[in-house]
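Listed below are the residues making up each chain.
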Amino acid sequence: MAGDQAEPTVPKKLSGRLPAHSYHHSCGYSGVLDPRIGGNVGSKLMVDTAPDRYELFLLGEGEKKVTLEVETRVPNAALFTFNKEDHTLGNLLRDKLTRSPHVLFAAYQVPHPLFAVFKLRVQTNGEVTPKQAVVQACNDLVKELQTLDQEFTKEWELKKISQESGGEQF
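All of the points below concern the structure found in this document. (Residues numbered from 1 in each chain as written. Predicted model: local features only at pLDDT ≥ 70, side-chain atom pairs only at ≥ 80, totals over all residues. Heavy atoms only, no water.)

Turning to the nonpolar core, a few remarks are in order. In this structure, Phe80, Phe82, Leu93, Leu97, Leu120, Val122 and Val134 are the most contacted members of the largest nonpolar core, which totals 14 residues. Sorting the residues of this core by element identifies β5 (77-83), α1 (87-98), β6 (103-109), β7 (117-124) and α2 (130-164) as the ones contributing at least two each. Filtering out sequence-adjacent residues up to four positions away, Leu120 remains in contact with Ala78, Leu79, Phe80, Phe82, Leu93, Leu97, Ala107, Tyr108 and Val134. (Core = buried A, V, L, I, M, F, W, Y, C linked by side-chain atoms within 4.5 Å. Buried < 20%, exposed > 50% of the residue type's maximum accessible area, 1.4 Å probe, protein only. Helix = DSSP H or I, 4+ residues; strand = E, 2+ residues; numbered from the N terminus. Contact = heavy atoms within 4.5 Å.)

This is the structure we're talking about:
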């Protein structure tokens, strides 16, 4: 009877690298292959290197910041793809566009959280094109941010002056 039983197999330890095409950046895995369940048990994904910080916002050679795709199923609509941008700009643009009287619909989507790309869908009432609406929203945001910068700088300088003159320290 003891000779009829199969000898239990010891799970094999796996350690190595995933194929280069599997992930955008270098990743490794380790785990135990258990033949009794036909798979990996206790696997752990390890990211070896993070992308350089500048890769998150600087465009590579031949990359475009924004691409425009006209929607054919919906009138006066377009899909904009913003490269090397994230929720910060996406939400600002969506908010600015939805406040415009000419925009019927504006929404954005980040297809994957690991990649700095978002897609902005805009539909207008026909008085302006989606491209004109997005350009106007961008110009308005730049003006608002310039005003914010000026106000912040002014308050910062006033604080420094009050501290130099023996005013209250924060």
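Attention now goes to the environment of Phe115. Turning to its location among the elements, Phe115 is positioned in the loop between β6 and β7. Residue Phe115 is classed as partly exposed on the basis of its relative accessible area, which comes to 39%. For Phe115 and Glu85, which are 30 residues apart along the polypeptide, the C-alpha to C-alpha distance reads 8.8 Å.

Scanning all chains against the criterion turns up 7 salt bridges. Between Glu85 and Lys65 there is a salt bridge, and its shortest N-O distance comes to 2.8 Å. Remark: Lys65 occurs in the loop between β3 (39-47) and β4 (66-70) and Glu85 occurs in the loop between β5 and α1; sequence separation between them is 20 residues. Overall, the relative accessible area of 22% leaves Glu85 in the partly exposed class. A salt bridge links Glu144 to Lys96; the shortest N-O distance between them is 2.2 Å. Note that Glu144 is positioned in helix α2 and Lys96 in helix α1, a separation of 48 residues in sequence. Owing to a relative accessible area of 42%, Glu144 belongs among the partly exposed residues under this scheme. (Salt bridge = Lys/Arg side-chain N within 4 Å of Asp/Glu carboxyl O.)

With that settled, the discussion passes to α1. Between its terminal C-alpha atoms α1 stretches 16 Å, which fits the 16 Å expected from 12 residues at 1.5 Å a residue. Of the positions making up α1, those classed as buried are Gly90, Leu93, Lys96 and Leu97. Within α1, the buried residues cover an arc of 140° as seen down the axis, which keeps them to one side. (Expected span 1.5 Å × (residues − 1). Arc of directions from axis to C-beta.)

In space, the 4 strands of this open sheet follow the order β4-β5-β7-β6, with antiparallel pairing throughout. Two strands lie at the open edges of the sheet, namely β4 and β6, each paired on one side alone. Averaged over all pairs of adjacent strands, the angle between strand axes in this sheet comes to 20°, irrespective of strand direction. Sheet topology note: the β6/β7 ladder contains 6 bridges and is antiparallel. Residue pairing across strands places Tyr108 opposite Leu120, the latter belonging to β7. Across the sheet, α2 touches β4, β5, β6 and β7, and the angle it forms with β5 is around 45°. (Pairing = 2+ DSSP bridges. Axes fitted to C-alpha atoms, helices over the stretch in contact; angles between N-to-C directions.)

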